[in-house]
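Examining the three-dimensional arrangement
In case you want the letters, here they are:
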Amino acid sequence: MKKGLLFVLAALIALAAYGQKKESLALLPFTGGQTSDGEYIVQAFARQRELREAFNKVTLITRTTQAFMQFEQRFQRMSGLTDADTIFELGKQLNATHVIAGYITKLGNQNLVLVSILDVESLQQIAGDYRTYANIEEVAGMIPGMAKNLARYAARDTSELPGLSVPPFDNVNGVNESDAQVLAQILAIGLANGNAYTVLPRTDSLAKVLEEHRRQRTGETDHERVRRLGRGRNAQYVLASSAQRLGSLTSFTADVLNIQDGSYKDGAEEQYRAFSEGIDLMPKLAAALNGTPVSGGGGSPPPANMVRIAGGTFTMGSPASEAGRYDNEIQHTVRVSSFYLGKYEVTQKEWRDVMGTNPSRFKGDNLPVEQVSWFDAIEYCNKRSVKEGLTPAYTISGSGDSRTVSWNRAAGGYRLPTEAEWEYACRAGSTTAYNTGAGITTSQARYGGSYGGSGERDKTIAVGSFAPNAWGLYDMYGNVWEWCWDWYGGYSSGSQTNPAGASSGSNRVARGGSWNASVQYVRSAGRYYGAPSGRYHSLGFRVLRPQM
């Protein structure tokens, strides 16, 4: 009886202590981009259960909140994540222990949203995430995953980690300055999400930052200046980062310097051609500096042998004038969300590692697996997901040819691409019949062979034997047809977002052509199909993982 009473008293004391916690979170108005987008996003974050569970109090601060209006009368309008001092000062006035600050910027036909949680007392950036979106309608599906990541990172104890001061770039040479600062912010998010440092963002005004960018700086003098900037933040280390245009490449370098003696602790460099590639490389660079992989959300490095495909809008199908076109390729506008897609077709080794068998006719570890049915591909996706600790995307009921498969769109496991996702990734921004231009040759893809032949092209070839498309994907044409999720059916002529094909049918879609297909099938818009239980030595697949 006494033990039970002691237990109850202990529980009451614990609850009282919990209730006395002062930690509170203020969600500040997002800056940049369209005001309506920023308002929608920050309001959606305020509704997320994970954030409410991580903090005793969550307060939404809008532009019409009296405290915010008074603050803006005293200070210049907030300038995004670079002007951290403004954000910290507002958090103090709101009696918040933590604040969420967000920033939206335009990237071509995409929008980029960056979100950070900052500790007001310690002036630390303790967590962050970012995502790209083409339209505000896509954001609703992204925010739950982002909130989960932010809450998980915010719960960590970083008090024993050394402080890393992260000033803006110390040198920007031939690179658009706004682009460079976006990359720097993404790098800071990756560092904050790691377990090597506590990130101390630079708190000078934006005007002072821009003035320093205009000053000419070179060599060791540059690093000495960076060390001086870090000393005022009680940091042990400071990040010296720069971006430089080198012909068609941009080189992004980052060095971690010991403030005390100026020695190098860590350093990394990445190069990219397109700005979108630079965004994807920042988590990799952050992981190198952290010494451990960066995990979570849009800030994650792509899974092994997968390429992040940023969402966007494209014209699916082919024009009536395209040579080799079929009538079922009606053009229509499609918008797809971001996802990760296999860089290569699934190989026989990858299949054997998961399934324990090799059904292929043409044997070789690096050859694409073939003679696998659509059902087989679904089974592989689920088993590989389980093996890697991911939630399977599919639920399979029944047996044999009468099996039914349902798709859980909220799952993070492997799955087949939809037909729209496949064509969007294949085109890689192109609008011609092939992503290589108006035509294609057998030096660019494995096609044009024949059944029963003994020539060079009468069989598959090792994945990655030809040049990739503009987005880094190999063998989107030829080698083996690739199963897609969709039932084979007619297109809708209207605009669609993330379409999943016909609601029913007797055949599943296959795309891309194969080693024995003629050239008219090896087109971005070319369509084929097969019975879901059929197995053919010209048919394989590649896998997709959603960006959660």
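Being a predicted model, the structure only gives us computed values, none of them experimental.

On to the overall build of the protein. Along the protein, the regular secondary structure elements total 13 helices and 23 strands. Looking at the protein as a whole, 53% of its 548 residues are labelled buried. Within the protein, counting contacts between residues at least 6 apart in sequence, those at least 24 apart form 66% of the total. Of the roughly 23800 Å² of accessible surface on the protein, a fraction of 49% belongs to carbon and sulfur atoms.

The contact between helix H7 (residues 177-192) and helix H10 (residues 275-290) brings their axes to 8 Å, and the two run at 35°. At the point where H7 passes H10, the crossing takes the right-handed sense. Residue-level inspection shows Asp179, Val182, Leu183, Ile186, Leu187, Gly190 and Leu191 of H7 in contact with H10, the latter providing Phe275, Gly278, Ile279, Met282, Leu285, Ala286, Leu289 and Asn290. Classifying every residue of the contact of H7 with H10 gives 11 nonpolar, 3 polar and 1 charged.

Here Glu137 shows up in the loop between strand E5 (124-133) and helix H6 (139-154). Taking relative accessible area as the criterion, Glu137 reaches 58% and is therefore assigned exposed. Residues Glu137 and Thr497, 360 residues apart in the sequence, show an inter-C-alpha distance of 9.5 Å.

Take the sheet that holds strand E15 (residues 339-342) next. Taken together, 3 strands build an open sheet; the order of strands is E12-E15-E23 and the sheet is antiparallel. Strands with a single pairing partner mark the edges of an open sheet, and in this sheet they are strand E12 (306-309) and strand E23 (544-546). Recorded for the sheet is a direction-independent mean angle of 25° between the axes of neighbouring strands. Where E15 meets E23, 3 bridges bridge the pair, whose relative direction is antiparallel. From the neighbouring strand, Phe339 faces E23, where its bridge partner is Pro546.

Looking now at H10. The terminal C-alpha atoms of H10, which comprises 16 residues, lie 23 Å apart, in line with the 22 Å expected from a rise of 1.5 Å per residue. Along H10, the sharpest kink reaches roughly 30°, centred on Leu281 and followed within four residues by the proline Pro283. Among the 16 residues of H10, 12 are classified as buried, and the element is accordingly described as predominantly covered. Three or more residues of H10 are buried, namely Phe275, Gly278, Ile279, Asp280, Leu281, Met282, Pro283, Leu285, Ala286, Ala287, Leu289 and Asn290. Gly291, located one to two residues past H10, shows a positive phi value of around 80°.

To continue, consider H7. Side chains that are three or four residues apart share a direction in an α-helix, a result of its 3.6 residues per turn. Look at H7: 22 Å from first C-alpha to last across 16 residues, which is about the 22 Å you get at 1.5 Å a residue. Burial of H7 is extensive: 13 of the 16 residues sit out of reach of the surface.

If you walk across this open sheet you meet the 4 strands as E21-E20-E18-E22, and the pairing is mixed. Each edge of the sheet is formed by a strand with only one pairing partner; in this case those strands are strand E21 (527-530) and strand E22 (539-540). In this sheet, E21 lies alongside strand E20 (residues 508-511) in antiparallel orientation, the contact comprising 4 bridges. Across the sheet, residue Arg508 finds its bridge partner in E21, namely Gly530.

Bringing the nonpolar core into the picture now. Ranked by size, the top nonpolar core spans 54 residues in total, and within it Tyr394, Leu416 and Phe541 carry the most contacts. Residues within four places of Phe541 in sequence aside, it is in contact with Glu345, Val346, Trp351, Val369, Val372, Ala377, Tyr380, Leu416, Trp481, Glu482 and Trp483. Core analysis: the next-biggest nonpolar cluster, separate from the first, contains 36 residues, Tyr130, Leu183, Ala192 and Leu289 among them.

Let's shift gears to the pairing of E12. Here E12 shows two buried faces, one formed by Met306 and Arg308 and the other by Val307 and Ile309. Here E12 runs beside E15; their pairing, made up of 4 bridges, is antiparallel. Residue pairing across strands places Arg308 opposite Tyr340, the latter belonging to E15.

Checked against the element boundaries, Leu150 lands in helix H6. The buried category is assigned to Leu150, whose relative accessible area is 0%. Between the C-alpha atoms of Leu150 and Asn193, which are 43 residues apart in sequence, the distance is 8.9 Å.

Right, let's get into unusual backbone geometry. In the Ramachandran plot, Asn479 falls in the positive-phi region, its phi being about 70° despite a non-glycine side chain. Assignment of secondary structure puts Asn479 in the loop between helix H13 (419-427) and strand E18 (481-487). Asn479 gets classed as buried once you look at its relative accessible area, which sits at 0%. Positive phi values are uncommon outside glycine, yet Asn498 reaches one of about 45°. Since its relative accessible area comes to 26%, Asn498 is described here as partly exposed.

Any two side chains of opposite charge can pair if their charged atoms end up close together. This model, assessed by the stated rule, comprises 16 salt bridges. Residue Asp365 is joined to Arg352 by a salt bridge in which the shortest nitrogen-to-oxygen separation is 2.8 Å. Highlighted residues: Asp365 in the loop between helix H11 (348-355) and helix H12 (374-387) and Arg352 in helix H11, separated in sequence by 13 residues. Looking at Asp365, the relative accessible area reads 38%, which means it is partly exposed. One salt bridge in this structure joins Arg535 and Asp376, with 2.7 Å as the shortest N-O distance. Taken together, the positions of Arg535 in the loop between E21 and E22 and Asp376 in helix H12 put the pair 159 residues apart, joining distant regions of the chain. Put simply, Glu419, Glu423, Arg427, Arg511 and Arg527 are held in one network by salt bridges that share partners.

For Glu419, the position within the fold is in helix H13. In terms of polar contacts, Glu419 uses its side chain to reach the side chain of Tyr491, at 3.1 Å. Of note is the side chain of Glu419, whose polar atom sits 2.6 Å from the side chain of Arg527. Ignoring sequence-local partners within four residues, the contact set of Glu419 consists of Met316, Cys484, Asp486, Tyr491, Val509, Arg511 and Arg527.

Turning next to the environment of Thr59. On the secondary structure map, Thr59 appears in strand E2 (residues 57-60). Considered as a pair, Thr59 and Ala26 are 33 residues apart in the sequence and their alpha carbons are 4.8 Å apart. Excluding residues within four positions of it along the chain, Thr59 makes contact with Leu25, Ala26 and Leu27.

Here is what the cut-offs are and how they apply
Residues numbered from 1 in each chain as written. Predicted model: local features only at pLDDT ≥ 70, side-chain atom pairs only at ≥ 80, totals over all residues. Heavy atoms only, no water. Helix = DSSP H or I, 4+ residues; strand = E, 2+ residues; numbered from the N terminus. Buried < 20%, exposed > 50% of the residue type's maximum accessible area, 1.4 Å probe, protein only. Contact = heavy atoms within 4.5 Å. Areas by Shrake-Rupley, 256 points an atom, 1.4 Å probe, with all protein chains shown as cover. Axes fitted to C-alpha atoms, helices over the stretch in contact; angles between N-to-C directions. Left-handed = near helix turned anticlockwise from the far one by under 90°. Nonpolar A, V, L, I, M, F, W, Y, C, P; charged D, E, K, R; others polar. Pairing = 2+ DSSP bridges. Expected span 1.5 Å × (residues − 1). Bend = angle between axes of the 7 residues up to and from the residue. Core = buried A, V, L, I, M, F, W, Y, C linked by side-chain atoms within 4.5 Å. Salt bridge = Lys/Arg side-chain N within 4 Å of Asp/Glu carboxyl O. Polar contact = N/O pair within 3.5 Å; in protein donor to acceptor, adjacent residues only side chain to side chain.

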